[in-house]
Amino acid sequence: MNTNREIIIILLDDGNFELDWQETEGALDEKQQLFQNTLWNRFSSNADEAVLFLGFSDQTAYLSESLKYIRLLAFLFVRTLARNPEIESTREKTLVEIPEDELRHFLECSPFLYGAEFLNDTWVRHFWKNMNRTFSDGIEKWKGTAAGFIASYNAKMHIAGRVYFHLVESKKEEYPFAFLATYSGDVSADGKSRHFPLQKALQDFGNSSQKLLTLLSTVSKASEKSTFIAGILESGEIFHPLNFTTAEAHTFLQEVSLYEEAGVLCRIPDWWKTRSNAIKISVSVGKNMPSRLGLDALVSFDASLSLDGEILSEAELKRLISETDGLSLIKGKWVEIDREKLKELLKVYERAEKMSGTEEMTVIEALRFQLNARKILNLSADAADEIEVTNGEWLDSVISKLVHPETIGGISGGNDFHAQLRPYQEKGLSWLHLMKTLGLGACLADDMGLGKTVQVIGLLNHVRSNTKEKTLLVVPASLIGNWMGELEKFAPSIQYYILHPSENKNCMSVDGEFLEKYDLCITTYAMLVKCVQLKDVSWNTLILDEAQAIKNPGTKQTRSVKQLHAQYKVAMTGTPIENRLSDLWSLFDFLNKGLLGSAKEFSDFSKQLQDGQNGYSQLKKVVSPFILRRLKTDKSVISDLPEKIEMKIYASLGKKQAVLYNSIVENLVQKLESNGTSMARNGLVLSSIIKFKQICNHPDQFLGQNYYDEAESGKYERLREICETIKAKRERVLVFTQFKEITVPLQNFLETVFGCKGLVLHGETAIKKRKEIVEKFQGHEYVPFLVLSIKAGGVGLNLTAASHVIHFDRWWNPAVENQATDRAFRIGQKKNVVVHKFITKGTIEEKIDLMIEDKMKLSRDIISDIQESWITEMDNRELINLFTLSI
């Protein structure tokens, strides 16, 4: 049994979700394992019923953050359900409405979740509707009472009685509050019940003491824990309207939760429920525009005391401190007086006032203040809710633009820019430019396939068109070819230099003066460790592609990146950076150092999140201006996208691949020059094409070996990078190859990437087995990938659960490739499908791809001919040029 994993929730659309296992940092103990397995079995049997079980459960210590969140919503339903006194009579017709204030709070305080893009009020209402249906189905089958049904889930939870306590404000000076106890009568035909003063119960049940005792059972339970209620119950005053003093009202309000636990329903003033009338310290940062822009620009810091939005003077606070504990009326509003808390608040305010009079904050400090204001001002945990931090007028206007990029004025991609940007990409370009203007680090985190690269190239070309700057781009080695291709296609005027031995053998001898010749220097994460002189260069812009490469702050790679100096930093990633908070800290430590504090400070903050959900809303508020993340599921983006997003994925040959490739070329040249028969020549060419394809896939496929070391194949490296992003979003992928012999090696490799089992389907798969494979891939359980041979998987299969299609090797027949792609992209597909077409740089794969694209040299009609037979029609010189490896 794996003791290092926990259940997590993955949100889907329409209020649905699915479960998966995720690795934990430490091993779970026996109790935790047992509870996890119980939950998993319940969810596997009946997910809706399991949610209801979770809502009734008192157990939260063994839950992941995502499961705690679902449990919180389920508990809200259960609690609201149990507070319905008519449940015994309405039973399966009971309809529980979600409280609007709870709904808003639930959305604001959500943790970082897989599928968070689906979380909105519609999702919650769908989820709530499912809860209502599950309860209705369960209670309809239950033969006993509603109370017994609830007790079967949790014996400690009781249905609310029919007695209500009401407390309202009164205009009487000596008795400013009024109390009334009522009870609900029988449910009428319209499903509603009337309320009567409790005094009427004496008339209705006077001759039946048992009925009266039953009615008052919840009040009796409350009196066991409350001397206040016990007193008015024993005296009989509870049956009459009462006038309360401020002291009596305060006692009553403090004990409301106790009464509700006993089953008494309470109707009290909103200001007590929401604590809106609490006295708070209000801090506003960034009222006026600073004299200069940047992370270290100084902004104003203003502190004040407030009461429900109204300014409160220090003298008024001191007067309240002089009063006794309880309730006090000030500025026409009732306020709870806790002298010790108010004394602490006064001290904190005096500290804040002193800061506002003598200090200014940098932009980073101002934004960070929202996360750790309590710590900076030395406010106790009990008083954490008594400080509110807001952005001043200038800072608020800046933040508003950053979180709403559609409000930013547009810019062009500069002269000689050959890309036609989609509307959301234009907004991304403008956002990146504004961030550069402000000197703030930017994380471009658009979904895979939405064109992060072209947006960044647009920014670089815009800068090149207006000024001369030095930019460093750091990428995984496997992405060098992709960037070269995209730059040459979209911005050919950008002068770039590749700082990597694959393109430049003498790349170690670079300096700042040399780099002045170029607009852009491209290097890799591994080269940063070797080429230490790069940290001595003052870069205007530093860009990281696949920035999740620095998620571990302790690695040499991450430390090397963070030693670089730049005025403006950009991180590009398609992986949700919020899945692990430690990843988020490391990224922001690079982008905007200090925003999330030190590693220890952020770790302490993260631990506090486990005690309550409120901190998540603060964290999102702080980081969201620096992250631009558009998803394929966004309605504003979907309208911009083609239904199929096709991407070319370039990979480089490994050393062993290159040696084998060149040896086949040399052998082929010799045999072509021997002038064999036409049939023999055609056979030689076609067999050589197969060998080249096999080598491009993996040398072991060509050699007939079974090791398939990832390091020996550029395609394997790219496959891992893409599938790690797919895994991070819990999406599914189809991987097509034309070779049956590599399907199982691909399956074995992908299982190490995804950490769970996948599926294979090829020409020898039995018809009955094919149906089982399709059903499993399409099913509720998360199956991340399916490897298919292109002939077996090209027709007759409906695989719409996949949102990605990878053509690991190319068929060079668009009709065949499209037919395979359409296994995912067809009727029933609700998602945009991203198609990744693998191409090995410098090989026959790249050259054929260029020929396919160039209609002037070769029409698509010719290429649609059967397989690669059209290649045999080339003369020897054309064939040798086609096959020869070019780097």
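Here, every reference points to the structure presented above.
Residues numbered from 1 in each chain as written. Predicted model: local features only at pLDDT ≥ 70, side-chain atom pairs only at ≥ 80, totals over all residues. Heavy atoms only, no water.

Undergrad: Residue-level account of the overall build of the protein, with values.
TA: Secondary structure assignment for the protein yields 39 helices and 28 strands. Considering only contacts within the protein whose residues lie at least 6 apart along the sequence, 70% involve residues at least 24 apart. Of the accessible surface of the protein, which amounts to about 40700 Å², a share of 50% is contributed by carbon and sulfur atoms. (Helix = DSSP H or I, 4+ residues; strand = E, 2+ residues; numbered from the N terminus. Contact = heavy atoms within 4.5 Å. Areas by Shrake-Rupley, 256 points an atom, 1.4 Å probe, with all protein chains shown as cover.)

Undergrad: Please set out the side chain of Thr725 residue by residue, giving values where relevant.
TA: Looking at the secondary structure, you find Thr725 in helix α32 (residues 714-728). At a separation of 3.4 Å, a polar atom in the side chain of Thr725 contacts the main-chain carbonyl oxygen of Glu721. Excluding its chain neighbours within four sequence positions, the residues that come into contact with Thr725 are Met448, Gln548, Gly574 and Thr575. (Polar contact = N/O pair within 3.5 Å; in protein donor to acceptor, adjacent residues only side chain to side chain.)

Undergrad: So what about the sheet that holds strand β18 (residues 496-499)? Which residues, and what values?
TA: Across a sheet, paired strands are connected by hydrogen bonds in the backbone, their directions being either parallel or antiparallel. The sheet built from seven strands is open, its strands ordered β18-β19-β17-β20-β21-β16-β22 with parallel pairing. This sheet does not close on itself; its edge strands, each paired only once, are β18 and β22 (627-628). Packing against the sheet, helix α21 (residues 480-490) makes contact with β17 (471-475), β18, β19 (520-524) and β21 (565-572), and its axis sits at approximately 175° to β18. Taken strand by strand, helix α25 (residues 581-591) contacts β16 (442-444), β20 (538-544), β21 and β22, and its axis lies near 145° from that of β21. (Pairing = 2+ DSSP bridges. Axes fitted to C-alpha atoms, helices over the stretch in contact; angles between N-to-C directions.)

Undergrad: For the pairing of strand β27 (residues 804-807), give the residues involved together with the corresponding values.
TA: Burial of β27 is two-sided: the residues His804 and Ile806 facing one way and the residues Val805 and His807 facing the other way are all buried. Note that strand β24 (residues 733-737) and β27 share four bridges and pair parallel. Looking at the pairing, Leu734 lines up with Val805 of β27. Pairing of β27 with strand β28 (residues 833-840), which is carried by four bridges, proceeds in the parallel orientation. Across the sheet, His807 pairs through a bridge with Lys837, a residue of β28. (Buried < 20%, exposed > 50% of the residue type's maximum accessible area, 1.4 Å probe, protein only.)

Undergrad: So what's going on with helix α15 (residues 314-321)? Which residues, and what values?
TA: Residues of α15 that are buried: Leu317, Leu320 and Ile321. Projection of α15 onto a plane perpendicular to its axis shows the buried side chains occupying an angular sector of 105°, all on one side. (Arc of directions from axis to C-beta.)

Undergrad: Go over the packing of aromatic side chains, please, and point to the residues and values.
TA: Geometry of an aromatic ring pair is reported as the spacing of the ring centres plus the angle between the planes. Inspection of every chain in the model, using the stated rule, returns 32 aromatic pairs. Measuring from centroid to centroid gives 5.2 Å for Phe77 and Trp128, while their planes differ by 75°, and the two rings are edge-to-face. Of this pair, Phe77 sits in helix α3 (residues 65-82) while Trp128 sits in helix α6 (residues 121-141), and the two are 51 residues apart along the sequence. Considered together, Phe77 and Trp128 belong to a single accessibility category, that of buried residues. In textbook terms, an aromatic cluster arises when at least three aromatic residues are bridged by ring pairs, as seen for Phe165, Phe179, Phe228, Phe244, Phe252 and Tyr259. Over the ring of Phe196 we find Lys200, and its NZ or CZ is 4.8 Å from the ring centre. Note that Lys715 overlies the ring of Phe808, its terminal NZ or CZ placed 5.4 Å from the centroid. (Phe/Tyr/Trp six-rings, centres within 6.5 Å; stacked < 30°, edge-to-face > 60°. Lys NZ or Arg CZ within 6 Å of the ring centre and 35° of its normal.)

Undergrad: Outline the sheet that holds strand β15 (residues 387-391), listing residues and values.
TA: Spatial strand order, β11-β10-β8-β15: four strands in an open sheet with mixed pairing. With partners counted over all chains shown, the strands left at the sheet margins are β11 (310-312) and β15, one partner each. Between one strand axis and the next, the sheet turns through 45° on average, direction left out of account. For strand β8 (residues 279-285) and β15, the ladder comprises five bridges, and the chain directions are parallel. Across the sheet, the residue bridging to Ser282 is Glu388, located in β15. Running at roughly 70° to β11, α15 makes contact with β8, β10 (301-307) and β11 of the sheet.

Undergrad: Outline the pattern of salt bridges, listing residues and values.
TA: Pairing between side chains becomes possible if they bear opposite charge and their charged atoms approach one another. Tallied over the entire structure, the rule returns 36 salt bridges. For Lys68, the salt bridge is made with Glu65, and the minimal N-O distance between the two is 3.4 Å. Of the two residues, Lys68 and Glu65 both sit in helix α3, three residues apart, roughly one turn of that helix. One salt bridge in this structure joins Lys273 and Asp270, with 3.2 Å as the shortest N-O distance. Residue Lys273 and its partner Asp270 are located together in helix α14 (residues 270-274), separated by three residues, close to a single helical turn. With relative accessibility at 53%, the residue Asp270 sits in the exposed group. (Salt bridge = Lys/Arg side-chain N within 4 Å of Asp/Glu carboxyl O.)

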